[in-house]
Amino acid sequence: MSTATQPNPLAEGLHDYRVADPSIMVIFGATGDLSSKKLLPAVYNLAKQRLLPAGFAVMGAAIDDLSDDAFRKRAADAISQHSRTQPIDQTVLHAFLSEAFYQKVDFGKPDDFKALHRRLDELDSSRHTAGNRIYYCATPPPTYETIVEQLKTAAMTTGPGFHRIVVEKPFGSDLKSARELNKIVQRVFHEDSVYRIDHYLGKETVQNILAFRFANTIFEPVWNSNLIDSVQITAAEELGVEMRGAYYDKAGTLRDIVQNHALQLLALTAMEPPVAFDANAVRDEKVKVLRAIRPLAEDEVAHATVRGQYTKGWVLGERVVGYREEHAIAQGSLTETFAALRLFVDSWRWAGVPFYIRAGKRLPKRATEIRIAFKRPPHLTFGRAAAADLEPNAITLRIQPEEGISLRFGAKVPSAGIKLRSVTMDFDYASSFLVETPEAYERLLLDCMIGDPTLFTRADEVEAAWTLIDPIEAAWRDDRPQLQFYEAGTWGPPGAAKLLQADGREWHRP
Amino acid sequence: MPQAQPGLDWHGEDVTIADVLSALNRVRLGFAHAEAGDEGLPHPRNCVMTLVSVTPNSVEETRAILASTAIARQHPSLAIVVRDEPRVRAGRIDASVMVHPVDQQNHPAPCELVVLRVQGAAGSHLAGLVDPLLVSGVPVYMWWLGTPPFGSAELNDSLRICDALVVDSSRFNRPYNAFLELAEIAQKSHPHLGLGDLQWERLAPWRENTAQFFSPAERRHLLSGVGEIGIDYAGEGRGNRVGAALLAGWLASSLGWKLQRAAGGGGGVVAAIYQADGWRPVQIAFRSVTKGHVMPGEVSALRIAGTSAGQSFTLTIQRDPERARRAPGAMFADLHQSGGEDDAGIELAQRRAAQHLIVQEQNREALHHTATGEAPGEGIPSRPKVIVSERRRADTSDVLLTMITIGDSETLRHVQRVPPEDEASILQRVLFMGARDKVFNRSLIAAAELLRSI
């Protein structure tokens, strides 16, 4: 074995991120919104946390004709305005900007890519980045094809070092478009070098679901249809569509949240133990679950799903307008802002256990959680009266806002005689570990720099999810079931409650 | 800052630990009811750890209270601060108990603080005092401020009840000797006992930048070409070399180098020869460099140079030389000059400065007594004053400059800010993984080997 492939002995005991290889991150669309609001501030915050290796550089690439200094000026403004940490540390900002460069690139012009290539090569020798590249497409999906093709033509995806490409969700708008997109990217990049970024997966608690299930002996034996009654997945937002009206009105909650976030949470909850916590083992198991979800036939969609849209109401003490009054929403729009689904995973482990998913905007609060409800004990030892207040056991995995896990179990009420009630044991992620949890987006950027794609979505995952969503989407466009309305600030339309009532259950209140 | 709630705090003088325990239970119960949830049912109690801080005097006691309540404010825990004064002849225990809600979203969780002031023989039975108060089933960390009494029965007993011992080797009274004794604990103690050092944690940025330099696969071969290492530290005398020795020990133990010989010279210079890969000599040299912004004992520069496969390289990490800063804690340094590189002189000077602080504290109490008519030692403070507002010292902020030269290429400069950190944040990082750090343990042992051989 050569020394190069052995682990770095000096890295032992240090966080992986502290020893990432230096690289150049090329941001296509560097002057756009995504870059200004999220990407540049995130990279600045990484620099502030001393997580960027010596030599790391950012190369902005966009249509605007800017000098390095003009780009730095813009970047400084963007960071000052949008950084999550304030005030801005001028020393860090100054150091970061000295590592930022700009090259005008018209995506249609091969010569511009050649010029970009030359700049990158020059930087390689001065910054010791060894040809390592991260191409970040902070541009609308229709441009991906051109960018990818141009990179190939300019021979920018081969040679020494690694060449990774990052694309943001949405990964297509249905199965067909997702497949096309995957095909385009995979023509040039190996799937292992494609990083489909979905910031939800960067959240610590999402990964903690796996740790909770597979690093403990006491939960996995009960994690099946013998003892679990049902699973509820809630992804609630108090926000409306904000400035994303034009996009949202075309997408709707099913595509915007359910297709990716909610199904990912379902997959992590239901997956079999992977043989290792490595990128492909974890993603293989997730894909198996997605494929095991029983597809809803078109006639089933009407009674196994609910679609809703918010009307005006009150959220967090403020009066808000209805969806159709929001900015850039088509008149009389039928787009859903709330979706509820009942799904089944057809596997030995999950036979007969319903998975209820609900996601929506303008719900009473922001809360994402997974609720595992267990069956009642087979025999009521203490009698019906004593156990009247006793709820079945439940485990709640909270993803946001307050990451944590709680376990509900029965206990005797202290008094003469026997009376039981449920109590809750609570684990709060932030307070149990004596450090701040990393910001999801920054964490994913770092994962990409060190080359760990575990928390990024693989092509087959995207396609499996769309396979499931497409028939639902088709029936919904056909107005089956009918769109129901709910007042902003409530937990969705009446149909959502009825969906569970029909099964003798009710939604858990997050 | 936790607001005192009437009836929830307790203070007792000349008490037993049984009194403290029953007061703690009473105060906890009061808190559970005062913070009852929506349904009027007491909220379940949360506790992630017990942090026992052992302090030799009131100055350190205040530091311990500040740091442990700052941690408890974010992480519901039990903080026990012991002011251990076994040499005071009239034995007695004074204690106070406070339970305050900490700022947890939606969930009021308790920050519990028990302060024990132990005078007389009871102090040498520390484990027996603390054990009954511990929360069952959660880890116990013992933070020893000042210098632990290495080799004493008191310390050995204490280590039996805790999961980890945390010290700050940069604040030891006799830094050289105490550091060697700390290394002995690492060598001898039970493998399940964690060992943490705030000084080691402060060296993290140096380790990160060094490791990062060798991280790319194509640079890994440079490791086997390292020929020279230079470390600059501030202050003279062997006690000030501990930080530099830790860095050297880390490199040597990580890369499997064996110490061949070492020698010390005038001006704080140290030269050591290690043997790498069974034959290749590596030279490590320390020198004492006086800089206005670097405290005695702190590392100010690290330089690693060598040649591998015909390619020469240099990695230099240094504190930004432009910056000037006031040396923290040097309040009395000008009154007590250390007198060159004489170890005894340095230690004497440090002890005098520490004594000065204690005397100042006592004077404060006496002044209070004069002003209020309260009996000495009683008036201030009847229960410890908890100030948990951010007390970050602006002057601990540093800028690190890393310079990389490989072959003939131009030097790459990389600037980082090491943000100001208070004791509580550094302590939190040490405790993050339960103060179990085998890299620290081996670096500590290797550093001690080097220091002993000079």
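Conventions used here
- Residues numbered from 1 in each chain as written.
- Chains lettered and ligands numbered in written order.
- Predicted model: local features only at pLDDT ≥ 70, side-chain atom pairs only at ≥ 80, totals over all residues.
- Pairing = 2+ DSSP bridges.
- Helix = DSSP H or I, 4+ residues; strand = E, 2+ residues; numbered from the N terminus.
- Axes fitted to C-alpha atoms, helices over the stretch in contact; angles between N-to-C directions.
- Contact = placed C-beta atoms within 7 Å.
- Core = buried A, V, L, I, M, F, W, Y, C linked by C-beta atoms within 7 Å.
- Buried ≥ 20, exposed ≤ 12 C-beta atoms within 10 Å, placed from the backbone.
- Parallel < 35°, antiparallel > 145°, perpendicular 65-115°, else oblique.
- Left-handed = near helix turned anticlockwise from the far one by under 90°.
- Nonpolar A, V, L, I, M, F, W, Y, C, P; charged D, E, K, R; others polar.
- Expected span 1.5 Å × (residues − 1).
- Arc of directions from axis to C-beta.
- Right-handed = clockwise from strand over helix to strand, strands pointing away.

## A short note on the sheet that holds strand β16 (residues 412–418) of chain B
All names here are of chain B. Ordered by their spatial adjacency, 8 strands build an open sheet running β10-β11-β12-β9-β13-β14-β15-β16, and the pairing between neighbours is mixed. Strand pairing shows two members of the sheet lacking a second neighbour, β10 (258–264) and β16, which therefore form its edges. Going from strand to strand, the sheet's axes swing by 15 degrees on average, the running direction of each strand aside. Pairing geometry for strand β14 (residues 311–319) and strand β15 (residues 398–406), over 7 bridges, is antiparallel. Across the sheet, the residue bridging to Gln318 is Leu401, located in β15. Each of β13 (299–308), β14, β15 and β16 touches helix α7 (residues 204–213); the most contacted strand, β14, lies at about 160 degrees to it. The strands touched by helix α8 (residues 242–255) within the sheet are β9 (226–233), β10, β11 (270–276), β12 (280–288) and β13, with β9 carrying the most contacts at an inclination of about 160 degrees.

## A few points about the environment of Asn177 of chain B
Summarising the element assignment, Asn177 of chain B is placed in helix α5 (residues 175–188). Measuring from C-alpha to C-alpha, the distance between Asn177 of chain B and Leu451 of chain B comes to 9.9 Å, with 274 residues separating the pair along the chain.

## Brief notes about the nonpolar core
Core analysis: the largest hydrophobic core is formed by 243 residues, its most contacted members being Tyr136 and Ile357 of chain A together with Leu247 and Ala248 of chain B. In this structure Tyr136 of chain A touches Met25, Val26, Ile27, Phe28, Leu39 and Val166 of chain A, once residues within four positions along its chain are discounted.

## Examining the interface of chain B and chain A
Counting residues at the interface gives 45 residues for chain B, matched by 38 residues for chain A. Secondary structure elements with two or more residues in the side of chain B that touches chain A: α2 (58–74), α7, α8, β15, β16 and α10 (423–432) of chain B. For the side of chain B that touches chain A, the leading source of residues is α7 of chain B, giving 7 residues.

## Things to note about the packing of α5 of chain B against helix α11 (residues 438–453) of chain B
All names here are of chain B. The contact between α5 and α11 brings their axes to 9 Å, and the two run at 135 degrees. With respect to α11, the element α5 is oriented oblique. In the packing of α5 onto α11, the handedness of the crossing is left-handed. Along its contact with α5, which presents Tyr176, Phe179, Leu180, Leu182, Ala183, Ala186 and Gln187, the element α11 presents Asn441, Leu444, Ile445, Ala448, Leu451 and Arg452. Here the contact of α5 with α11 is built from residues that sort into 10 nonpolar, 2 polar and 1 charged.

## Examining helix α2 (residues 68–82) of chain A
All names here are of chain A. Taking 1.5 Å per residue, 15 residues should reach 21 Å; α2 reaches 21 Å between its end C-alpha atoms and fits that length. Buried within α2 are the following residues: Phe71, Arg72, Arg74, Ala75, Ala78 and Ile79. When α2 is viewed along its axis, its buried side chains cluster within an angular range of 165 degrees and face the same direction. In α2, those exposed residues whose orientation departs by more than 90 degrees from the buried face are Asp69, Asp77 and Gln81. Elements that come into contact with the buried residues of α2 comprise α1 (33–48), β2 (57–62), α3 (90–97) and β3 (100–104).

## Regarding the sheet that holds β3 of chain A
Residue and element names in this part refer to chain A. If you walk across this open sheet you meet the 6 strands as β3-β2-β1-β4-β5-β6, and the pairing is parallel. What marks the edges here is a single partner per strand, and that holds for β3 and β6 (194–197). In this sheet, adjacent strand axes meet at a mean angle of 20 degrees when their direction is disregarded. Where strand β1 (residues 24–28) meets strand β4 (residues 133–137), 5 bridges bridge the pair, whose relative direction is parallel.

## Some thoughts on the pairing of strand β5 (residues 163–168) of chain A
All names here are of chain A. Within β5, 6 of the 6 residues are buried, which leaves the element mostly enclosed by the surrounding structure. Residues of β5 alternate between two faces, with His163, Ile165 and Val167 on one and Arg164, Val166 and Glu168 on the opposite face, all of them buried. Pairing analysis gives 5 bridges linking β4 to β5, with the strands arranged parallel. By the bridge assignment, Tyr135 is partnered in β5 with Ile165. For the segment spanning β4, helix α5 (residues 144–153) and β5, crossover handedness is right-handed. Here 4 bridges tie β5 to β6, and the two strands are oriented parallel to one another. The residue of β6 that forms the bridge with Val166 is Tyr195. The parallel pair β5 and β6, bridged by helix α6 (residues 175–188), forms a crossover whose chirality is right-handed.

## Describing unusual backbone geometry
All names here are of chain A. Geometrically, the link from Lys169 to Pro170 is a cis peptide bond, its omega value of 10 degrees lying close to zero. Looking at the element boundaries, Pro170 is found in the loop between β5 and α6. The residue after Arg480, namely Pro481, is reached through a cis peptide bond having omega -10 degrees. By the element assignment, Pro481 lies in the loop between α14 (459–477) and β17 (484–487). Positive phi outside glycine occurs at Leu316, with the angle close to 50 degrees. Relative to the elements of secondary structure, Leu316 occurs in the loop between β9 (313–315) and β10 (318–320).

## A look at α5 of chain A
All names here are of chain A. Buried within α5 are the following residues: Ile147, Val148, Gln150 and Leu151. When α5 is viewed along its axis, its buried side chains cluster within an angular range of 165 degrees and face the same direction. Next to the buried residues of α5 lie β1, α4 (110–127), β4 and α6. At the C-terminal side of α5, Ala155 shows a positive phi close to 55 degrees.

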